[in-house]
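Results of the structural survey
Below, each chain spelled out in residue letters.
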Protein chains: 2
Amino acid sequence: MNINPKKISNPQLKEQEFSINHQKLIDATIETIAKRGLADTTIAQVAKKAMVSQGYANFRFKSKENLLLSSLKFLSDEYKNSWQKIFEDNNLDPVGRIIKIIENDFSSKIASRNKIAVWVSFYSEVKFRPSYLTICQKQDEIYSSQMEKLIKELNFLTDQTFLTPREISETYLSMVDGLWQRILFDPKIYSHVFCKGLIKKYFKNIYTDEKRFV
Amino acid sequence: MNINPKKISNPQLKEQEFSINHQKLIDATIETIAKRGLADTTIAQVAKKAMVSQGYANFRFKSKENLLLSSLKFLSDEYKNSWQKIFEDNNLDPVGRIIKIIENDFSSKIASRNKIAVWVSFYSEVKFRPSYLTICQKQDEIYSSQMEKLIKELNFLTDQTFLTPREISETYLSMVDGLWQRILFDPKIYSHVFCKGLIKKYFKNIYTDEKRFV
DNA sequence: TTTTGTATTGAATAATCATTCAATATGGGT
DNA sequence: ACCCATATTGAATGATTATTCAATACAAAA
């Protein structure tokens, strides 16, 4: 009797199955990092959660480090795709665009506790800082400069001149980082609704006449 | 010939020496966490930096975990002492107090990269969350509520009614967390001067008539 | 001088894990 | 039915590291 049958390889499903196992491992990694922390994430646990053998996980991703970084890359791409769509959407005016950006930054897809836990883990683990920069710096810079450009338009439209676009965008970005961190600690208080409301209120206070910042 | 002579115990210096070794180990722990990260901080490295033997470090602090948490406790107390003085200083009016608070949060004593690295490491390492809460939650709550009270006075004095004290203090606290994180990545851009300026500008925008928010 | 108690060392132990790799399973081609 | 290529397993290996503890050094007391 075969207790642990090897997985059946099916050429027709080969590509898909590659993806499935690949993605299953990445999802399992994200879950494990969120539950145990980056330091205590072991290949054995990830493999178990993904329901493949430990040897296989290592074989597929070459090394633990590569598995971890692949998970970061996945989140980074997912995030980038979501805000890029908003910046490229020609149907939006500046205010509508900013509101979409805020809503995206605290959407359940982007700002889930599991995913935030991964971001924060990589931020804070010195060992991964160079890799983090390689994977995310470019996109962080683009996001940051797009925000600033967007706020420049908004300032122009509203005759707001006291705060510079740079100041407003830096404030926004810091707040997002800070709130994400707080979501991890106390998701009850720092609900997505609360965070979005806080940030919209910040903008409402700057652009007083704009009704859409609730 | 005695290559590694044992440390001489001197009863007159006993108390002091206790403190010295204790503090040397805590300082070494902070440095090591900042340089290597919480996960890769080994007792051997800390002991080496503190110039005591590995066995001694373990003996003194009972366990690695206790050494790490003692370092967090040290920072937590240091931080609390510094803001407590400001809240208790009767010579300050609300605006002066807030300015002192901002300056303290980005002083070189409190917001050094090494110390921020330790805070952020403990924030983000799930394993330490319960211990973090035990050590810091109380003080975090007091800090938060003192801030809110302070801003309530300020709103009252200035007839500012659009933003609630809660909103302003939550925004302030999130920004501080976010900026601290950014100081770790890019201390050139996120200098103490830049961070303080950004936050003062935030307040200046709310309390327009107050000249002291530079 | 000898004894005693405390401070400190450093080597041994044991646990945890990433990584490797030989063995096995499977399905398609022949 | 047999062979081959590929997918997958799981046990063995080796490295790292917290923790323990017997041995040592020293100062003060006797």
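One can find the structure itself at the top, above this paragraph.
The following refers to the structure shown. In this text, all values refer to a predicted model and were calculated from it rather than measured experimentally. (Residues numbered from 1 in each chain as written. Chains lettered and ligands numbered in written order. Predicted model: local features only at pLDDT ≥ 70, side-chain atom pairs only at ≥ 80, totals over all residues. Heavy atoms only, no water.)

Moving on, we come to the packing of aromatic side chains. For any pair of aromatic rings, the description consists of the separation of the ring centres together with the inter-plane angle of the planes. Scanning the model with the defined rule gives 35 aromatic pairs over all chains in all. When the centroid spacing of 5.1 Å and the interplanar angle of 70° are considered together, the rings of A:Phe122 and A:Phe128 count as edge-to-face. No difference in accessibility class separates A:Phe122 from A:Phe128, as the two residues are buried. Summarising the aromatic geometry, the rings of B:Tyr56 and B:Phe59 are spaced 6.5 Å apart at their centres and angled 40° between planes, so their arrangement reads as tilted. Here the residue B:Tyr56 and the residue B:Phe59 both occupy positions in helix 3 (residues 54-61), the gap between them amounting to 3 residues, near one helical turn. Judged by its relative accessible area of 22%, B:Tyr56 is partly exposed. Joined through ring pairs, the aromatic side chains of A:Tyr172, A:Tyr202, A:Phe203, A:Tyr207, A:Phe213, B:Tyr172, B:Tyr202, B:Phe203, B:Tyr207 and B:Phe213 make up one cluster. The ring of B:Phe162 carries A:Lys201 above its face, with NZ or CZ at 4.7 Å from the centroid. Over the aromatic face of A:Phe185 sits the side chain of B:Arg129, whose NZ or CZ is 5.1 Å from the ring centroid. (Phe/Tyr/Trp six-rings, centres within 6.5 Å; stacked < 30°, edge-to-face > 60°. Buried < 20%, exposed > 50% of the residue type's maximum accessible area, 1.4 Å probe, protein only. Helix = DSSP H or I, 4+ residues; strand = E, 2+ residues; numbered from the N terminus. Lys NZ or Arg CZ within 6 Å of the ring centre and 35° of its normal.)

Counting 134 residues, the largest nonpolar core has A:Phe122, A:Tyr172, A:Phe203, B:Phe122, B:Tyr172 and B:Phe203 as its most contacted members. Filtering out sequence-adjacent residues up to four positions away, A:Tyr172 remains in contact with A:Ile101, A:Ile102, A:Asp105, A:Tyr143, A:Met147, A:Ile199 and A:Phe203. (Core = buried A, V, L, I, M, F, W, Y, C linked by side-chain atoms within 4.5 Å. Contact = heavy atoms within 4.5 Å.)

Attention shifts here to the interface of chain A and chain B. Put simply, an interface is often sized by how much accessible area is lost when its parts join up. Facing 44 residues of chain A, the contacting portion of chain B comprises 44 residues. Summing both sides of the interface, chain A and chain B together bury roughly 3,800 Å²; the carbon and sulfur share of this comes to 58%. Three residues stand out in chain A for area buried against chain B, namely A:Gln181, A:Phe185 and A:Lys201, and they jointly supply 17% of the buried area on that side. Note that B:Glu167 is salt-bridged to A:Lys201, the shortest N-O span being 2.7 Å. Put simply, chain A and chain B have 11 residue pairs in polar contact (both at pLDDT 80 or more) between them. Mapped onto the side of chain A that touches chain B, the elements with two or more residues apiece are helix 1 (14-36), helix 6 (113-124), helix 7 (129-158), helix 8 (165-185) and helix 9 (192-206) of chain A. (Buried area = accessible area lost by both parts, 1.4 Å probe. Salt bridge = Lys/Arg side-chain N within 4 Å of Asp/Glu carboxyl O. Polar contact = N/O pair within 3.5 Å; in protein donor to acceptor, adjacent residues only side chain to side chain.)

Now for the packing of helix 4 (residues 64-88) of chain B against helix 6 (residues 113-124) of chain B. Residues and elements named next belong to chain B. At a closest axis distance of 11 Å, the pairing of helix 4 and helix 6 adopts a crossing angle of 115°. Remark: the crossing between helix 4 and helix 6 carries left-handed chirality. Contacts from Leu68, Leu69, Leu72, Leu75, Ser76, Glu78 and Tyr79 in helix 4 reach Lys115, Val118, Trp119 and Phe122 in helix 6. Looking at the contact of helix 4 with helix 6 residue by residue, the classes come out as 8 nonpolar, 1 polar and 2 charged. (Axes fitted to C-alpha atoms, helices over the stretch in contact; angles between N-to-C directions. Left-handed = near helix turned anticlockwise from the far one by under 90°. Nonpolar A, V, L, I, M, F, W, Y, C, P; charged D, E, K, R; others polar.)

It is worth spelling out the packing of helix 2 (residues 43-50) of chain B against helix 3 of chain B at this point. All names here are of chain B. Across the interface, helix 2 lies against helix 3 with an axial gap of 8 Å and an inter-helix angle of 100°. One finds that helix 2 runs roughly perpendicular with respect to helix 3. For the pair helix 2 and helix 3, contact is made by Ile43, Ala44 and Ala47 and by Gln54, Ala57 and Asn58, respectively. Partitioned by chemical class, the residues of the contact of helix 2 with helix 3 number 4 nonpolar, 2 polar and no charged. (Parallel < 35°, antiparallel > 145°, perpendicular 65-115°, else oblique.)

What helix 2 of chain B keeps buried is the set B:Ile43, B:Val46, B:Ala47 and B:Ala50. Along the axis of helix 2 of chain B, the buried residues cluster in a sector spanning 95°; they form a single face. (Arc of directions from axis to C-beta.)

Least-squares fitting of chain A to chain B yields an RMSD of 0.0 Å, with the transformation described by 0.0 Å of translation along the axis and a rotation of 180°. The transformation relating the two chain copies, once decomposed into turn and shift, fits a two-fold axis. A share of 100% of interface residues in chain A that are also interface residues in chain B marks the association as one of identical surfaces. (Least-squares fit on C-alpha atoms with pLDDT ≥ 70 in both.)

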